[in-house]
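# Results of the structural survey
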Amino acid sequence: MKIIEVKNLSVKYRGIDALSNVTLGIDSGDYIGIVGPNGSGKTTFIRALLGLVPFGGEIYFQGKSFSDFFAGKHVGYLPQRMSFLDQSFPATAEEIVLSGVYCCKRFPKRLEKEDYAAAEKVMELLGITPLKERSIGRLSGGQQQRILLARALVHEPELLILDEPTVALDPQSSGAFYATVQRLNKEKGTTVLLVSHDIGSVGNYASKMLYLDRGLIFYGTFEEFCKSPKMTDYFGVGQHLICHRH
Ligand code: ADP
Ligand code: MG
């Protein structure tokens, strides 16, 4: 079953093509590693999927067009930059995580006992329970990132979209982060779209690699990617170091 189908997707900013003619399908349970140089349209691709930028072409979720698909309920999204997180806003880690449940509530949006239980469960999973009462602005970049991941996961989305999530993390936190995402993918069958320059890590986990550069350059397994001349164009000689380990 395809969770996402994209047909001839194009996005322009002020008349300039950021992406043209992207056509691809994503199977439910896939783990897609999205790579490409800076400015290649990776974030734009994700924003189009989420309906956050105007686009040409068609996007279907589980066979439905976007307007018929209540995205908030099915999608957990961790945006690229954390700058939107107001460091002086007086919210605790738990409150930030709990805000993730509002996507899926009907009016009047009241927090129920099961919402607190869901927040507790996901904070436990990500090892951030001790941070629960802490003020968000006083936490490190890595801690904040795990709290935002918890917020993206609290409503148990079928699709998880992560845009360069490990940029602000040290290697240890980054490893723990990838392990958590992989567990969700393997154990719960969560479909994952992950943008990352950390191709070594992505290659370890992803079922498919999507290489964008203002359009679709390559889409296939990591093994195929390693054999592809497109990979050499992107990585040059570093390719052998990355592919050799697999
Ligand atoms: P990536 O995530 O791969 O680094 P982006 O999708 O953010 O790339 O950007 C792709 C291109 O579109 C870049 O040239 C970028 O400058 C441009 N772009 C992105 N967002 C906007 C915007 N809101 N307005 C105008 N141009 C934009
Ligand atoms: Mg980006």
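Note: the structure precedes this text.
A brief report on the enclosed structure follows. Predicted model only: the values in this text are computed from it and were never measured.

### Structural notes on the overall build of the chain
A tally of regular secondary structure across the chain gives 10 helices and 10 strands. In terms of overall dimensions, the chain is globule-like: its C-alpha atoms have a radius of gyration of 18 Å, near the 18 Å expected for 246 residues. Dimensions of the chain along its principal axes, counting C-alpha atoms only, are 50 × 40 × 35 Å. Looking at the chain residue by residue over its 246 residues, the buried ones come to 47%. When contacts within the chain are restricted to residue pairs at least 6 apart in sequence, those whose partners lie at least 24 apart make up 66%. Looking at charge distribution, the chain has the averaged site of its 28 positive side-chain charges lying 2 Å from that of its 26 negative ones.

### Description of the coordination of the magnesium ion (ligand 2)
Coordination sphere of the magnesium ion (ligand 2), protein contribution only: T43 (OG1) and Q80 (OE1), at 2.0 to 2.3 Å. Separated by 37 residues along the polypeptide, T43 in helix α1 (residues 42-49) and Q80 in the loop between β6 (75-78) and α3 (93-99) bring together distant segments of the chain. Of the residues examined, T43 reaches a relative accessible area of 24% and is grouped as partly exposed.

### As for unusual backbone geometry
We note that E156 has phi near 50°; this positive angle belongs to a residue other than glycine. Residue position: E156 is located in the loop between α5 (141-153) and β7 (159-163). With a phi close to 45°, E164 is a non-glycine residue in the positive phi region. Relative to the assigned elements, E164 resides in the loop between β7 and α6 (171-188).

### As for the environment of M123
Tracing the backbone through its elements, the reader meets M123 in helix α4 (residues 113-125). Overall, the relative accessible area of 2% leaves M123 in the buried class. The contacts of M123, once residues within four sequence positions are left out, are A93, E94, V97, I128, T129 and K132.

### Considerations on the site of ligand 1
All residues adjacent to ligand 1 are Y13, R14, A18, P37, N38, G39, S40, G41, K42, T43, T44 and R214. Here an oxygen atom of ligand 1 sits 2.5 Å away from a polar atom, N or O, in the side chain of T44. Here ligand 1 has 560 Å² of accessible area as a free molecule, and 62% of this is covered by the chains. Among the elements that line the shell around ligand 1, the one with the most residues is α1, at three residues. Looking at the shell around ligand 1 residue by residue, the class counts come to three nonpolar, six polar and three charged.

### Digging into the pattern of salt bridges
What the rule picks out here adds up to nine salt bridges. Note that K208 is salt-bridged to D30, the shortest N-O span being 3.2 Å. Residue K208 is found in strand β9 (residues 208-212), and its partner D30 is found in the loop between β2 (16-27) and β3 (31-35); the two are separated by 178 residues along the sequence. Judged on exposure class, the residue K208 and its partner D30 are both buried. For the salt bridge of K121 with E156, the shortest nitrogen-to-oxygen distance reads 3.1 Å. With K121 in helix α4 and E156 in the loop between α5 and β7, this pair connects stretches of sequence that are 35 residues apart. The class of K121 is exposed, set by a relative accessible area of 51%. Residue E156 is classed as partly exposed on the basis of its relative accessible area, which comes to 48%. Each of the salt bridges in this network shares a partner with another, and the network as a whole consists of K2, D27, D30 and K208.

Calculation notes
- Residues numbered from 1 in each chain as written.
- Chains lettered and ligands numbered in written order.
- Predicted model: local features only at pLDDT ≥ 70, side-chain atom pairs only at ≥ 80, totals over all residues.
- Heavy atoms only, no water.
- Helix = DSSP H or I, 4+ residues; strand = E, 2+ residues; numbered from the N terminus.
- Rg over C-alpha atoms; globule rule 2.2 N^0.38 Å.
- Buried < 20%, exposed > 50% of the residue type's maximum accessible area, 1.4 Å probe, protein only.
- Contact = heavy atoms within 4.5 Å.
- Lys, Arg positive; Asp, Glu negative; His and termini not counted.
- Charge placed at Lys NZ, Arg CZ, Asp CG, Glu CD.
- Donors = N, O, S within 2.8 Å, 3.2 Å for Na, K, Ca; no water.
- Near = heavy atom within 4 Å.
- Polar contact = N/O pair within 3.5 Å; in protein donor to acceptor, adjacent residues only side chain to side chain.
- Areas by Shrake-Rupley, 256 points an atom, 1.4 Å probe, with all protein chains shown as cover.
- Nonpolar A, V, L, I, M, F, W, Y, C, P; charged D, E, K, R; others polar.
- Salt bridge = Lys/Arg side-chain N within 4 Å of Asp/Glu carboxyl O.

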